[in-house]
Amino acid sequence: MGGAMQAQGHAQIITNMVDFGLNVQEAGDAARYYHIGSSEPTGYIMTDGGVTALESGISGRTREELERRGHVLGSAVSFGGHQAILWDEENDVYWGASEMRKDGLAAGY
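Conventions adopted
Residues numbered from 1 in each chain as written. Predicted model: local features only at pLDDT ≥ 70, side-chain atom pairs only at ≥ 80, totals over all residues. Heavy atoms only, no water. Pairing = 2+ DSSP bridges. Helix = DSSP H or I, 4+ residues; strand = E, 2+ residues; numbered from the N terminus. Buried < 20%, exposed > 50% of the residue type's maximum accessible area, 1.4 Å probe, protein only. Contact = heavy atoms within 4.5 Å. Salt bridge = Lys/Arg side-chain N within 4 Å of Asp/Glu carboxyl O. Phe/Tyr/Trp six-rings, centres within 6.5 Å; stacked < 30°, edge-to-face > 60°.

(A) Looking closely at the sheet that holds strand β1 (residues 33-36). In spatial order, the strands read β1-β2-β3; together these three strands make up an open sheet with mixed pairing. Edge positions in the open sheet fall to β1 and β3 (73-74), since each of these has one partner strand only. Direction of pairing for β1 relative to strand β2 (residues 51-54): antiparallel, over a ladder of four bridges. Looking across to β2, one finds that His35 is bridged to Thr52.

Written out as structure tokens, the structure reads:
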């Protein structure tokens, strides 16, 4: 992941693992959202709430509810890419994950 999606994507993966109990592979494969149009350190100030893009794995019901609450939904070209290695101290093993959105691998020794 890079650019504006990097922090958003990392936060979503950690949330998926900590709050929803997904493993490192499932957390990366889960559907993502991407908010565009936030205030920026360059001085740009968001005045309209921005636009939120949702991957196709987000249900129509969720989309409708977000729009009902005033969110503007749009589209995005990329929702980032995720490769990770996680040390599992309890089981004394490394877990690797490489998601479905792009080519890649998680390698370690």
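(B) Structural detail: the pairing of strand β4 (residues 83-88). Direction of pairing for β4 relative to strand β5 (residues 93-98): antiparallel, over a ladder of six bridges. Bridging across to β5, Ala84 finds its partner in Ala97. In this antiparallel pair of consecutive strands, β4 and β5, the connection spans four residues, and Asp92 shows a positive phi of 55 degrees.

(C) Quick look at the environment of Ile85. For Ile85, the position within the fold is in strand β4. On the basis of relative accessibility, which here comes to 45%, the residue Ile85 falls in the partly exposed class. Measuring from C-alpha to C-alpha, the distance between Ile85 and Gly96 comes to 4.5 Å, with eleven residues separating the pair along the chain. Those residues in contact with Ile85 that sit more than four places away from it in its chain are Tyr94, Trp95, Gly96, Ala106, Ala107 and Gly108.

(D) Spotlight on the pattern of salt bridges. Counted by the stated rule, this structure contains five salt bridges. Between Glu65 and Arg69 there is a salt bridge; the shortest N-O distance is 2.7 Å. Given a relative accessible area of 28%, Glu65 falls into the partly exposed group. A relative accessible area of 60% means that Arg69 is categorised as exposed.

(E) Up close: the packing of aromatic side chains. Taken as a whole, this structure holds one aromatic pair when the rule is applied. A centroid spacing of 4.6 Å and a plane angle of 50 degrees characterise the contact between Trp87 and Tyr94, whose relative ring orientation is tilted. With a relative accessible area of 38%, Trp87 lands in the partly exposed category.

(F) Region of interest: the environment of Gly108. Tracing the chain through its elements places Gly108 in the segment after β5. Classification of Gly108 by relative accessible area gives exposed; the value is 61%. Expressed as a C-alpha distance, the spacing of Gly108 and Gly60, which sit 48 residues apart in the sequence, is 39 Å.

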